[in-house]
Amino acid sequence: MDGYFRLGMVNQHKDLLKPGDSCLGGGYYHFDYTSNRIILDHSSYDFGKPKWHLLEVLKVPSVYRGLRLVYFYDDDCEFDVSQELQIEYYD
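Nothing here was measured: the structure is a model prediction, and the numbers come from that model.

Rules of the game
Along each chain, residues carry numbers from 1 onward, in the same order as the chain's sequence is written. In view of the model being predicted, local features appear only for residues whose pLDDT reaches at least 70, and side-chain atom pairs are presented and counted only at 80 or more, with totals across whole chains, interfaces and linings using the full set of residues. The basis for every side-chain value is the complete set of non-hydrogen atoms in the structure, without hydrogens or water. Each helix corresponds to a stretch of at least 4 residues labelled H or I by DSSP, and each strand to a stretch of at least 2 residues labelled E; elements are numbered beginning at the N terminus. The criterion used for residue contact is that any of the two residues' heavy atoms lie within 4.5 Å. Only the protein chains shown count as cover for residues, and the accessible areas themselves come from Shrake-Rupley with a 1.4 Å probe. Working definition: rings of Phe, Tyr and Trp (its six-membered ring) pair if their centres are within 6.5 Å, and the pair is stacked with planes under 30 degrees apart, edge-to-face with planes over 60 apart, and tilted otherwise. Residue exposure (1.4 Å probe, protein chains only): buried if accessible area is under 20% of the type maximum, exposed if over 50%, otherwise partly exposed. For salt bridges, the criterion is a side-chain nitrogen of Lys or Arg within 4 Å of an Asp or Glu carboxyl oxygen. Any two strands are treated as partners once DSSP identifies two or more bridges connecting them. Note on definitions: angles span 0 to 180 degrees between N-to-C directions of axes, and those axes are lines fitted to C-alpha atoms, for helices only across the stretch in contact.

(A) Geometry of the overall build of the protein chain. Secondary structure assignment for the protein chain yields 1 helix and 7 strands. Traced from its N-terminal end to its C-terminal end, the protein chain shows the element sequence β-β-β-β-β-β-α-β. Taking the intrachain contacts of the protein chain between residues at least 6 apart in sequence as the baseline, contacts between residues at least 24 apart amount to 53%. Here the protein chain has roughly 5,400 Å² of accessible surface; of this, 49% comes from carbon and sulfur atoms.

Structure, rendered in C-alpha cells:
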C-alpha cells in the first residue's frame, strides 16, 4: 500500500489525502523551519494513530524534498518517518 502525503491549507493528516485515498491514522502537523522538519503529531479523534507498518512507500510532493518528516506520539516518542519509510517524491 502506498501513502500519499499532501500539504495545503489544513492542519490534520486526513485533510492531506487525495480524493479516493484512505487514511491509515493521523493527527496534526506543523512546519518546524528551524530544524527543517515537518512535525506530525498525536492521534486524530477519528482515525487514531498512524499505521506506519501498513505502508510500503510514502509519496510526498517534491516541493517538500529536503524536509525531514518526524512523527511524535502522545507520549512524545519520536518516529523518524524519513529514516524508517521509503519515500518517493512526485510533482
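(B) Region of interest: the packing of aromatic side chains. Inspection of the entire model under this criterion finds 6 aromatic pairs. Their ring planes at 10° and their centres at 5.5 Å tell us that F31 and Y33 sit as a pair that is stacked. Among the residues examined, F31 registers a relative accessible area of 28% and is labelled partly exposed. We classify Y33 as exposed; its relative accessible area is 65%. With a centroid separation of 5.5 Å and an interplanar angle of 20°, the aromatic rings of W52 and F79 are classed as stacked. Of the two residues, W52 sits in the loop between β3 (37–41) and β4 (57–61) while F79 sits in strand β6 (residues 78–80), which places them 27 residues apart along the sequence. Each of the two residues, W52 as well as F79, counts as buried. What links up through ring pairs into an aromatic cluster is the set Y29, F31, Y33 and Y64.

(C) Fine view of the pattern of salt bridges. Counted according to the given criterion, the structure contains 3 salt bridges. Between D32 and R37 there is a salt bridge, and its shortest N-O distance comes to 3.3 Å. As far as burial versus exposure is concerned, D32 and R37 are alike and both buried. For R68, the salt bridge is made with D80, and the minimal N-O distance between the two is 3.2 Å. A residue pair is termed long-range when its members are at least 10 positions apart, and R68 in strand β5 (residues 68–72) and D80 in strand β6 qualify at 12 residues.

(D) Summary view of the sheet that holds β6. A sheet is described by the order of its strands in space; here 4 strands give the open sequence β2-β3-β5-β6, paired in mixed fashion. One side of each edge strand has no neighbouring strand; the edge strands of this open sheet are β2 (28–32) and β6. Between one strand axis and the next, the sheet turns by 25° as a mean value, whatever way the strands run. Sheet topology places β5 next to β6; 3 bridges connect them, and they run antiparallel.

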